[in-house]
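Residue strings, one per chain:
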Amino acid sequence: FEPGMRIQVYGLTARPDLNGLCGQLVAWDETEKRWRVRMDDGSGKMFKPCSLREEETVNSSVCSAHAESVVAPTENLKELAPSSRVRIVGLKAQPQLNGQLG
């Protein structure tokens, strides 16, 4: 990782609502052993490196529009076409899967 890199949050269990969100690395905080991240919504957060991965360039528009693109499981299911890319969100039983793409 390096400052300026686009990242995606994943694997959080305490805050699974953040999984799948994206932002940009600002700086490494040596004291906290965490990256300072400017999230796409403008907020600032800190994450351990194990909770970050490089944003997939093919999905950058999905990341930046994540909040607007979440569809409840029973809503608009007819709109998904075969081969559609989807992101898992809102799982409570297995929150580690939130943010995964398929």
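These lines cover the structure that appears in this document, whether it is placed above or below. On a predicted model such as this, the values are computed, not experimentally measured, just so you know. (Residues numbered from 1 in each chain as written. Predicted model: local features only at pLDDT ≥ 70, side-chain atom pairs only at ≥ 80, totals over all residues. Heavy atoms only, no water.)

With that settled, consider a nonpolar patch on the surface. Together, Ile-88, Leu-91 and Leu-97 give the surface a local cluster of nonpolar side chains, amounting to about 190 Å² of exposed area. Note that Leu-97 resides in the segment after helix H2 (66–69). Accessibility expressed as a relative area gives 31% for Leu-97, which makes it partly exposed. (Patch = residues over 30% accessible without salt bridge, like charges linked within 9 Å, V, L, I, M, F, W, Y side chains within 5 Å. Areas by Shrake-Rupley, 256 points an atom, 1.4 Å probe, with all protein chains shown as cover. Salt bridge = Lys/Arg side-chain N within 4 Å of Asp/Glu carboxyl O. Helix = DSSP H or I, 4+ residues; strand = E, 2+ residues; numbered from the N terminus. Buried < 20%, exposed > 50% of the residue type's maximum accessible area, 1.4 Å probe, protein only.)

So, about the pattern of salt bridges. The full count for this structure, using the stated rule, is five salt bridges. Among the ionic pairs, Arg-36 bridges to Asp-29, the shortest N-O distance being 2.6 Å. Judged by relative accessible area, which is 39%, Arg-36 ranks as partly exposed. On the accessibility criterion, Asp-29 (12% relative accessible area) is buried. The residue Lys-33 makes a salt bridge to Glu-30 at a minimum N-O spacing of 2.2 Å. With a relative accessible area of 44%, Lys-33 lands in the partly exposed category. Overlapping salt bridges, with partners in common, bring together Arg-6, Asp-40 and Glu-55 in one network.

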